[in-house]
Number of protein chains: 2
Amino acid sequence: MTETVQRPKEARRKKRAPNTPPTAQVRFPVGGAKTLAEVQYQRLLDRITTMELPPGAAISEPDLASEAGVSRTPVREAVQRLAREGLVEVVPKSGTFVARIPVSALPEAVIARRALECMTARAAAQFATRSQVLSLRAVLEEHSELAEIGDREKFHKSDEKFHELVATVGRLPGLWRLVQQVKLQLDRFRRLTLPEAGRLQLIIKEHTAVVDAIQARDPDAAGAAVEKHLSGLQLHIETVVAAHPDYFIYDADPTDLLKI
Amino acid sequence: MTETVQRPKEARRKKRAPNTPPTAQVRFPVGGAKTLAEVQYQRLLDRITTMELPPGAAISEPDLASEAGVSRTPVREAVQRLAREGLVEVVPKSGTFVARIPVSALPEAVIARRALECMTARAAAQFATRSQVLSLRAVLEEHSELAEIGDREKFHKSDEKFHELVATVGRLPGLWRLVQQVKLQLDRFRRLTLPEAGRLQLIIKEHTAVVDAIQARDPDAAGAAVEKHLSGLQLHIETVVAAHPDYFIYDADPTDLLKI
DNA sequence: CTAGTATATCTAATATACAAGTTAAAGAAT
DNA sequence: ATTCTTTAACTTGTATATTAGATATACTAG
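Conventions used here
- Here the residue index of a chain counts from 1 through its sequence in written order.
- Think of it this way: whatever chain is written first is A, whatever ligand is written first is 1, and the rest follow in order.
- Two thresholds apply to this predicted model, a pLDDT of at least 70 for residue-level local features and 80 or more for giving and counting side-chain atom pairs, whereas whole-chain, interface and lining totals are computed over all residues.
- Hydrogens and water molecules were not included; the side-chain quantities draw on all heavy atoms of the structure.
- A run of H or I in DSSP becomes a helix once it reaches four residues, and a run of E becomes a strand once it reaches two; helices and strands are each numbered from the N terminus.
- Burial status follows relative accessibility: with a 1.4 Å probe on protein chains alone, a residue under 20% of its type maximum counts as buried, one over 50% as exposed, and anything between as partly exposed.
- With residues, only the protein chains shown are counted as cover, and all accessible areas are computed by Shrake-Rupley using a 1.4 Å probe.
- Every case where a carboxyl oxygen of Asp or Glu lies within 4 Å of a side-chain nitrogen of Lys or Arg is listed as a salt bridge.
- Whether two strands pair depends on DSSP finding at least two bridges between them.
- As used in this structure description, the phrase polar contact means that two N or O atoms lie within 3.5 Å; if the pair is within protein, one of them must be able to donate a hydrogen and the other to accept it, and residues adjacent in sequence are counted only when both atoms belong to side chains.
- What makes two residues a contact is simply this: any of their non-hydrogen atoms within 4.5 Å.
- We call a set of buried Ala, Val, Leu, Ile, Met, Phe, Trp, Tyr and Cys residues a nonpolar core when their side-chain atoms join them within 4.5 Å.
- Each axis is a line fitted through C-alpha atoms, taken for helices only over the stretch in contact, and angles between the N-to-C directions span 0 to 180 degrees.
- Working definition: roughly parallel below 35 degrees, roughly antiparallel above 145 degrees, roughly perpendicular at 65 to 115 degrees, and oblique for all remaining angles.
- What makes a crossing left-handed is the near helix being turned counterclockwise from the far one by less than a right angle; a clockwise turn instead makes it right-handed.
- Note on residue classes: Ala, Val, Leu, Ile, Met, Phe, Trp, Tyr, Cys and Pro are nonpolar, Asp, Glu, Lys and Arg are charged, and everything else, Gly too, is polar.
- In this analysis, rings of Phe, Tyr and Trp, with Trp reduced to its six-membered ring, are considered paired at centre separations within 6.5 Å, and the interplanar angle assigns stacked below 30 degrees, edge-to-face beyond 60, and tilted for intermediate values.
- A ring is scored as having a charge over it whenever the NZ atom of a lysine or the CZ atom of an arginine sits within 6 Å of its centre and within 35 degrees of its normal.
- Throughout, the arc means that of the directions going from the helix axis to the C-beta atoms.

Visitor: Is there a simple way to think about the overall build of chain A in this case?
Guide: Along the backbone of chain A there are 11 helices and five strands. Across the 260 residues of chain A, 44% fall into the buried class. As presented, chain A carries roughly 14600 Å² of accessible surface, and 55% of it is formed by carbon and sulfur atoms.

As structure tokens, this is what we get:
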């Protein structure tokens, strides 16, 4: 090992004074200059959420690397991140697999979203400016346009944008980031549900109720509207799980019992 | 580059059938077999939360690596993870620094904790068994013991254990994981506050109120008790920020404005 | 002395090489 | 045929080497 590492550079070039940030000036991270690892992460995330890589599918770091024409390093970084987010499971020295959806995580995610987004909506009702309300209405209009075309993919993106905007207006963008994390498993689940007739219209209607409450500066109504909006999913979990039994995992987690 | 990578291994050994998990058997991750990267993460996290590495401090991957006697790879993995958690900021090709505490994140964290833990307490009041209530009381007793000794460090650990146990009893362990994430910045902040007389006793009192409500199977009371417990912090933010101005960063995030 | 430029040296990002462990398939023994 | 053993190929974890960008100092011109 490098046990006896002597560092003769003790008296090297004067280093930046401690507690000094990169530089006093602000640094604007350029959006286009994405790191390779970031790209690999997005690619993998996409393939997982679209179920191109279904739960249980094997993932090979070397294969992904050569497919993408990069080395294993950025691929590995992406895999590590996905593992922490619960989307892949890596077994040391053995293999990496797309994680099954833990059924217990689904109702939990719904509960977390309700709690968090209820707050963002209340805050939005408190802080929204007239222009922000118009921005929200603009997103609603976008919803309608995409629903008419029938582009469920873009509609979903627009849906996300709505929720993010509510959080931003409520000055609680951090809460949206938490929701995003929890949403990962929910989104995979949603892919397995059949498109119901009128579902898009229902979403638009519920979103509109939220905006109305925000415009009326009525936090209680806004929170209630969000709660109503986010309570839909729970019911048909069982039927979907029954249809794809090996995409899910029942996690009654023995450690939980030990802890108590 | 490896542009023309030919893979002649197309007809190689038969791979595991798709959608097959690591193995049918359950695999119990051995607690002791921590990966080097994990160790490095814990070490760095500790040095950051204890303010041994204060906000703004420079971090050098090679230095950390040689100090710990490992290569840069596991160190880098730890740094990446901390970056995603908002505890360090890495400027590509330039340097890595302990992140300043974003002041806006503090009230946000309090709000998120309130929303989330209110739910866990309500759920706990709904599901708690008699034995679980006794476990909660045991933790309360531990609180008292540690408060008498005056060991604030262990008291904090015990405090965490309490909140985690409430979430577990409420069958919402995922919500506690979210809270943990949000707590990272709060904990750094707490390190900067002076120990107030009677603070520990107040915490015990408030925790006791939560347990009482859970035992009484009164979700509303439990939720209210948690809300009350978690509303304390907010006030003295300004004074602490004034005392350590360069440990914080005011993030009115210009991108937020563009998004609207 | 000041402003601008060059350059040496730091950094993190990526690539490659090696080590340690797992697993599946082939082969041997029953 | 069946079960055990062996073994080779494949896995991730870690170490090292290379690349490219950023920055502080030294230097040059005015």
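Visitor: What exactly am I supposed to notice about the pattern of salt bridges here?
Guide: Pairing between side chains of opposite charge can happen when their charged atoms approach one another. Here the structure, examined in full by the defined rule, presents 29 salt bridges over all chains. Here Lys 183 of chain A ties to Asp 187 of chain A by a salt bridge, and the two come within 3.1 Å at their closest N and O atoms. Taken together, the residues span about one helical turn, with Lys 183 of chain A and Asp 187 of chain A both in helix H7 (residues 173-191) at a distance of four residues. Through salt bridges with shared partners, a single network forms among Glu 61, Arg 72 and Arg 76 of chain A together with Glu 77 of chain B.

Visitor: When you look at the sheet that holds strand E2 (residues 88-91) of chain B in this model, what are you seeing that I'm missing?
Guide: By definition, the strands of a sheet pair up through backbone hydrogen bonds, in either a parallel or an antiparallel sense. All names here are of chain B. Taken in spatial order, the three strands line up as E1-E3-E2 in an open sheet, and their pairing is antiparallel. Of all strands in the sheet, those with a lone pairing partner are strand E1 (58-59) and E2, marking the two edges. When E1 meets strand E3 (residues 95-98), the two strands line up antiparallel, connected through two bridges. In the strand pairing of E3, Ala 58 is matched with Phe 97.

Visitor: Teacher, can you tell me more about the side chain of Thr 120 of chain A here?
Guide: Residue and element names in this part refer to chain A. Looking at the secondary structure, you find Thr 120 in helix H4 (residues 105-127). Using a relative accessible area of 3% as the deciding quantity, one classes Thr 120 as buried. Within the structure, the side chain of Thr 120 is placed 2.8 Å from the backbone oxygen of Glu 117, a separation counted as a polar contact. When residues no more than four places from it in sequence are discounted, the contact partners of Thr 120 are Val 166, Ala 167, Gly 170, Leu 172 and Leu 175.

Visitor: When you look at the nonpolar core in this model, what are you seeing that I'm missing?
Guide: Note that soluble globular proteins tend to have their nonpolar side chains buried in a common cluster. Counting 52 residues, the largest nonpolar core has Leu 106, Leu 116, Leu 178 and Phe 248 of chain A together with Leu 106, Leu 116 and Phe 248 of chain B as the members making the most contacts within it. Where this core is concerned, the elements lending two or more residues are H4, H7 and helix H10 (237-243) of chain A together with helix H4 (105-127), helix H7 (173-191) and helix H10 (237-243) of chain B. The residues touching Leu 106 of chain A, leaving out its near neighbours within four places in the chain, are Ile 101, Gln 185, Leu 186, Phe 189, Ile 237 and Phe 248 of chain A.

Visitor: It is not clear to me how the sheet that holds strand E3 (residues 95-98) of chain A should be interpreted in this structure. Could you clarify?
Guide: With antiparallel pairing, three strands are arranged side by side in an open sheet as E1-E3-E2 (chain A). Looking at strand neighbours, the two that pair on one side only are strand E1 (58-59) and strand E2 (88-91) of chain A, the edges of this open sheet.

Visitor: What am I meant to see in the packing of helix H6 (residues 152-169) of chain A against H7 of chain A here?
Guide: When two helices pack together, you describe them by how their axes are tilted relative to each other and by the distance separating the axes. Residue and element names in this part refer to chain A. Contact geometry for H6 and H7: axes closest at 10 Å, N-to-C directions at 155°. Overall, the two elements H6 and H7 adopt an arrangement that is roughly antiparallel. Between H6 and H7 the crossing geometry is right-handed. Across from Glu 153, His 156, Glu 160, His 163, Glu 164 and Ala 167 in H6, the residues of H7 making contact are Pro 173, Trp 176, Lys 183, Asp 187, Arg 190 and Arg 191. Its residues assigned to classes, the contact of H6 with H7 comprises three nonpolar, two polar and seven charged.

Visitor: It is not clear to me how the pairing of E3 of chain B should be interpreted in this structure. Could you clarify?
Guide: Each regular strand carries side chains that alternate between the two faces of the sheet. All names here are of chain B. What you see with E3 is no split at all: Gly 95 and Phe 97 on one side and Thr 96 and Val 98 on the other are buried throughout. The pairing of E2 with E3 spans four bridges and is classified as antiparallel. Bridge pairing links Val 91 to Gly 95 in E3. In this structure, the hairpin formed by E2 and E3 is closed by a connection of three residues, where Lys 93 is found at a positive phi of approximately 60°.

Visitor: What's the story with the packing of aromatic side chains in this structure? I'm lost.
Guide: The way to describe two aromatic rings as a pair is by their centre distance and the angle between their planes. All names here are of chain A. Counted by the stated rule, this structure contains two aromatic pairs over all chains. Geometrically, the ring pair formed by Phe 189 and Phe 248 is edge-to-face, given 6.2 Å between the ring centres and 70° between the ring planes. Of the two residues, Phe 189 sits in helix H7 while Phe 248 sits in strand E5 (residues 248-249), which places them 59 residues apart along the sequence. Lying across the ring of Phe 127, Arg 171 places its NZ or CZ 4.2 Å from the centre.

Visitor: Help me understand unusual backbone geometry, please; the structure alone is not making it clear to me.
Guide: Across the chain, the bulk of peptide bonds are trans and the bulk of non-glycine residues have phi less than zero. Residues and elements named next belong to chain B. Backbone geometry at Lys 93 places phi at a positive 60°, although glycine is not the residue there. Position of Lys 93 relative to the elements: it lies in the loop between E2 and E3. On the accessibility criterion, Lys 93 (89% relative accessible area) is exposed.

Visitor: Got a minute to help me understand helix H9 (residues 219-229) of chain A in this structure?
Guide: Side chains of residues three or four places apart in an α-helix project in the same direction, reflecting 3.6 residues per turn. Residue and element names in this part refer to chain A. Along H9, the residues classified as buried are Ala 222, Gly 223, Ala 225, Val 226 and His 229. The buried residues of H9 occupy an angular sector of 160° when the element is viewed end-on, so they sit on one face. Exposed and oriented more than 90 degrees from the buried face of H9 are Asp 220 and Lys 228. Buried-residue contacts for H9 involve H4, H6 and helix H8 (199-215). Regarding H9, its N-cap is Asp 218, as a side-chain oxygen of that residue lies 3.3 Å from the backbone nitrogen of Asp 220 further along.

Interpretation note: all reported values are geometric properties and have no functional meaning in isolation.
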